[in-house]
Amino acid sequence: WCVNNVLSRSREREYKSVFKMATVWKLVALALAAEIVLVSSTSYKEGDKVLVYVNKVGPYFNPHETYHYYQLPVCRPDKIEHKSLTLGEVLDGDRMALSLYDITFRTDMTTKKELCKVNFSENDLELLRNAIEDLYYFEFVLDDIPVRGFIGHLEEGSFLPHNHKIFLWSHLHFNIEYNKDNIIYANVTTKDQLPISLDGTSVPLEIAFTYTVTWIPTELSFEQRATRIRDDSFFPKNLEIHWLSIINSLVLVFLLIGFVVIIMTRVLRSDFARYNIEDDEDTDDLDSDDNGWKIIRTDVFRYPPCRNLFCAILGVGSQFLALATGILLMALAGMFNIHRHGSINAAAVVLYAFTSSISGYVAANMYKKMGGDSWVWNINLTSALFALPFFLVWAVINSVAWAYGTTRALPASTVILLMALWLFIGYPLTVLGGIFGKNYAGSFDAPCRTKNISREIPSVPWYRSVFVHCAIGGFLPFSAISVELYYIFATLWGREQYTLFGILFVVYGILLSVTACISIALTYFQLSAEDYRWWWRSIFSAGSTGVFVFLYALFYYCKRSNMSGLLQTLEFLGYTALTCYVFFLMLATVSFFASLKFVRYIYVNIKMD
């Protein structure tokens, strides 16, 4: 009775803990739904107040170096009221606050209305001059529509000696398009008043800021609002639909895959015919004539060194494959709205936490199959394999952003939220997945018995070296995505809203297919050279694609962008290195499992003693 009582209490505590964890997961799922839900239309009546939020300012060519609008000496209320932001908006660098603009629905304001008067000191003027020289733009938000314009105007003078004139825009004209009771689009212009010169002015300088409003009826429906916003011409357009380049890549990739499949099929058929001789032939003669990949059958399934790290890479790579697939499927389903700032970032953070169980399961399952005993250390290594490098890179970048005072520095509340998300959801799910993976792991079931003493590996020519294999295994998958890579970089490090998710999903499938085919071919060539150390080679051959992506990123930064400054450079290099690390983990996982499937297949289909 005592034992049953203790067991029942233990089960009750387990049920309560599971119920609490399920409650936490439900709350996080609701938060995710709030991030990615489609924005519903806001209906107005004539004369209703339309709120205008000031958001951020920053250099035009440094998209990730942004500051709060009220850090400039501009019109501001006595008490600044900030808007409640979602996780995605905070991660995107938004810091919205109420402005002094008094705009009412469908009420034109043709006469200039004074917003405020500002007395500028010499320090204020110097701050404005520096901002205008760096081509600072501002961003307001009106009914979830970003409204952008420049702080001032720079007029170049003579070339030798070089000089320029600096002007400040003190008047803004709002053009707001509406359809019945919905706002469709809004922008600002500065053409109605000449700018004010900031050169050679005496201090203190008093400037009156004014604005006007024009309401324009349109036939566009609210459902077409996203298209109207996307076609905004404030930032340069680079993301045209590039069907010709995609078709060209598809043809090349299918030819490559077909070539590999046909060649490998013919070669394997020849090998099987040579190795699987008739049963009536002399077995001793066969053993003396063995060469190629059959002769290393007693070593090919010898487990690799550093199994703990090896299995952790496979676990985290599987997690990111699931995460990338989930993000693309959600995007194809239309779950990311152009109005919702940073919704993809928020979805990626939450999905990373929830897919941690996949990494724990795959890593612990493979580690157990390979005869590993330190499964606790394996789970901890798996959970830290990406989280630790990410935290170190983020800590450096966030510290620099905090020192600069930019909005890219995450507030303490968001940092605590993200840490809690990993500590209370991500890490426990990794442990839970690891426990299931360890308990449900069977035997490795290698088709060939492994001898205790390994064979000597013969020397190989230079074109079969590790470096050449990695160069080929990395360059070919990179060439499959090189066309789309420019548009991805223009989205991540530019001003674009990526909407070609169908094309991106196709390119994603091509990337995985090419990686699998190339890894199988390279593994076959390695085994044919009587080198059985294919385990780690399959990881690095395809994982080296991350190196090519990083080299392309350096080219993009130097030749295709105008980014500059310590903060922007540090953020670009840091987060790009993490992205390339994710490429390494994902493609290394695809390469290994494809190679493992291939190696099992060829050794199952030959006759052995």
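I will try to describe carefully the structure that is included in this document. Predicted model only: the values in this text are computed from it and were never measured.

## Notes on the pattern of salt bridges
Throughout the structure, instances matching the rule amount to 14 salt bridges. In this structure, E122 engages R129 in a salt bridge whose closest nitrogen and oxygen atoms are separated by 3.4 Å. Overall, the relative accessible area of 13% leaves R129 in the buried class. Here the salt bridges do not stand alone but share partners, grouping K49, D102 and K113 into one network.

## Describing the sheet that holds strand 10 (residues 164-168)
Within the open sheet, the three strands sit side by side as 9-10-13. Their pairing is antiparallel. Strand pairing shows two members of the sheet lacking a second neighbour, strand 9 (152-156) and strand 13 (196-197), which therefore form its edges. Packing of helix 3 (residues 122-133) onto the sheet brings it into contact with strand 9 and strand 10, and relative to strand 10 it is tilted by some 110°.

## Quick word on the side chain of Q568
Inspection of the secondary structure puts Q568 in helix 16 (residues 566-604). Residue Q568 is classed as buried on the basis of its relative accessible area of 0%. A distance of 3.1 Å separates a polar side-chain atom of Q568 from the backbone nitrogen of H64. Not counting the four nearest positions on each side in its chain, Q568 is found in contact with N62, P63, H64, E65, W493 and M563.

## Quick notes on unusual backbone geometry
Trans is the prevailing form of peptide bonds, just as negative phi is the prevailing case for residues other than glycine. Located in the positive-phi region is D143, a residue other than glycine, with phi close to 55°. With respect to the helices, strands and loops of the structure, D143 is situated in the loop between strand 7 (136-142) and strand 8 (145-150). Positive phi outside glycine occurs at K180, with the angle close to 60°. By the element assignment, K180 lies in the loop between strand 11 (171-179) and strand 12 (182-189).

## Notes on the environment of E65
Take E65: it is sitting in the loop between strand 2 (52-59) and strand 3 (67-68). Spatially, the C-alpha atoms of E65 and L567 are 7.0 Å apart, while their sequence positions differ by 502 residues. Setting aside chain neighbours within four positions, we find E65 in contact with V57, G58, P59, T406, S564, L567 and Q568. A distance of 2.7 Å separates a polar atom in the side chain of E65 from a polar atom in the side chain of Y67.

## A few points about the sheet that holds strand 14 (residues 205-217)
Here we have four strands laid out as an open sheet, ordered 6-14-11-12, and mixed in their pairing. Single-partner strands in this sheet number two, and they are strand 6 (109-120) and strand 12. Neighbouring strand axes in the sheet, compared pairwise and without regard to direction, differ in orientation by 20° on average. Where strand 11 meets strand 12, seven bridges bridge the pair, whose relative direction is antiparallel. The partner of N179 across the bridge, within strand 12, is N182. Across the face of the sheet, helix 3 comes into contact with strand 6 and strand 14 while running at roughly 120° to strand 6.

## Focus: the environment of L135
Here L135 is to be found in the loop between helix 3 and strand 7. Residue L135 is classed as partly exposed on the basis of its relative accessible area, which comes to 32%. Not counting residues within four places of it along the chain, the set of residues in contact with L135 comprises G58, P59, Y60, F61 and F150.

Rules used throughout
- Every chain begins its residue count from 1, and numbering advances along the sequence as written.
- A pLDDT threshold of at least 70 governs which residues receive local features in this predicted model, and a stricter bar of 80 or more applies before side-chain atom pairs are shown or counted, although totals over entire chains, interfaces and linings include all residues.
- Calculated side-chain values reflect all of the structure's heavy atoms, with hydrogen atoms and water omitted.
- Note on definitions: salt bridges are taken to be side-chain nitrogens of Lys or Arg within 4 Å of carboxyl oxygens of Asp or Glu.
- A 1.4 Å probe rolled over the protein chains alone gives each residue an accessible area, and that area as a share of the maximum for its type sets the label: buried under 20%, exposed over 50%, partly exposed in between.
- Here, strands pair whenever DSSP counts at least two bridges between them.
- Only DSSP runs of H or I reaching four residues or more are called helices, and only runs of E reaching two or more are called strands; each is numbered from the N terminus.
- Contact definition: two residues touch when any of their heavy atoms are within 4.5 Å.
- Here an axis means a line fitted to C-alpha atoms, over the contact stretch when the element is a helix, while the angle between two N-to-C directions is reported on a 0 to 180 degree scale.
- As used in this structure description, the phrase polar contact means that two N or O atoms lie within 3.5 Å; if the pair is within protein, one of them must be able to donate a hydrogen and the other to accept it, and residues adjacent in sequence are counted only when both atoms belong to side chains.

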